[in-house]
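Understanding the architecture of this molecule
Below, each chain spelled out in residue letters.
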Amino acid sequence: MPDAQPDLPWLGRPHTVSAPKRRSPAAVIGVCLGAVAVLVLGLVAIVALNRDNTPLANPNFRDAPSSQDSPAPLPPGGAGAPASASNPATEPSEPSATGPQKILKLADHPILQDPNAGLQNRVCTLPAWQSTQAGAEAFFTAASKCLDAAWGPFLTAYRLPFTPPSLHFPTGASFETECGTIQVGIATAAYYCENNLYVPFRGLQTDQYGNNPGVYLALFAHEYGHHVQEVAGLMDAAWQKIYEAGQNSPAGLEMSRRKELQAQCFSGMFLGAHVDQGGTITRDMYNKAWNDQETRGDNTSRSHDHGTNAHYAAWWRAGATSNRIADCNTFSAPSSEVS
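All values derive from a computational prediction rather than experimental measurement.

This part covers the side chain of Gln262. Inspection of the secondary structure puts Gln262 in helix H5 (residues 250-274). When sequence neighbours within four positions are dropped, the list of residues in contact with Gln262 reads Leu112, Gln229, Leu234, Cys328, Asn329, Thr330 and Phe331.

Right under this line is the structure:
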């Protein structure tokens, strides 16, 4: 196979996560054995829990661009090198006149072109969820480190200027950002603006969701997905289109939905890459996050800028089941898939 990628030890293994079965408590395990016809290289056992028709991950898994994707060589310490204490995965790549720069593109953005690119399968260890201000701060601070370690090497490999977002935990009924004054409510469980990620505890609705860390983690990973868009240049390119069309025009609202649904897909990618890896992101957390996506979207909020509940769930699940960033190219999707 001329397009097959080398089996390098630092690459994350393809990790297939199945959909949770909604009505039966029993898990169904399907085992698929495939053999290569001429040269038998081995048997791959693929275990799909709960639902047999979940798409399988592409076995040629990579989290760095190939040479044809990025003509410039990969920077030292990027996704092509293992993380170490002396070379942390989250080391920032500061932009300069000749160094990493944002790329203001949408459907044709370089990070969305490689069908085999995804996040490495990593261990993420989070503290047990506690529905208190201090407990939430500890949980999201640890989650932000896992997200930095996941997305930092990926973006750096494409010579994009990655720096972790600043994390804030406002406690009042509103908080100030560069995007204006934000009122805390059911629509502001987490909020992203200009390299800053805000998590007001009052907006998490812990009285409704209780001890469901998977739900909170997916929300947080969605807002972090906007930071991925910001660093890459997708955010700026999308807002250019929104301003040109008019923020409340049909075209402007559709571009907003494409931006939001991509953040959903990025959130799914993160949970799909980290569940069942030996850390604290468990199958139960993943299943709760999976099912919760159907409760969110424009049908619930009665807006038109995030996508229907069905599309909100579909794009999250696309990222979670495949862990392929090309599957998150909402900007090339037909309008019928981002309504």
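Text resumes after the structure shown.
Relative to the assigned elements, Ala251 resides in helix H5. The exposure class assigned to Ala251 is partly exposed, which follows from its relative accessible area of 49%. Through-space distance from the C-alpha of Ala251 to that of Lys241 is 8.5 Å; in sequence the pair is 10 residues apart.

Time to look at the state of the cysteines. Considering all chains together, one arrives at 3 disulfides under this definition. With its sulfur 2.2 Å from that of its partner, Cys124 forms a disulfide with Cys146. Judged by the torsion about the S-S bond (95 degrees), the Cys124/Cys146 disulfide is right-handed. In this pair, Cys124 sits in the loop between strand E2 (46-49) and helix H1 (133-157) while Cys146 sits in helix H1, placing the two residues 22 residues apart along the sequence. A residue is classified by how much of its surface remains accessible, and Cys124, at 0% relative accessible area, is buried. Judged by relative accessible area, Cys146 falls into the buried class, the value being 11%.

Glancing now at the pairing of strand E5 (residues 180-183). The two faces of a sheet get side chains in turn, since along a regular strand they alternate between them. Note: strand E4 (residues 174-177) against E5, 4 bridges, orientation antiparallel. Looking at E5, one finds that Glu176 is bridged to Thr181. Remark: 2 residues form the turn of the hairpin made by E4 and E5, two consecutive strands paired antiparallel.

Here is what the cut-offs are and how they apply
Along each chain, residue indices are assigned from 1 in the same order as the chain's sequence is written. Local features in this predicted model are restricted to residues of pLDDT 70 or higher, and side-chain atom pairs are both shown and tallied only at a pLDDT of 80 or more, whereas totals for entire chains, interfaces and linings draw on every residue. For the side-chain quantities, the full set of heavy atoms in the structure was used; hydrogens and water were omitted. Secondary structure is summarised from DSSP: a helix means a run of H or I of at least four residues, a strand means a run of E of at least two, and numbering begins at the N terminus for each. Whether two residues touch is decided by their heavy atoms; if any such pair falls within 4.5 Å, the residues are in contact. Only protein chains enter the accessibility calculation, which uses a 1.4 Å probe. A residue is then buried if its area is under 20% of the maximum for its type, exposed if over 50%, and partly exposed in between. A pair of sulfur atoms, both from cysteines and within 2.5 Å, is called a disulfide here. Strands are treated as partners if at least two bridges between them are detected by DSSP.

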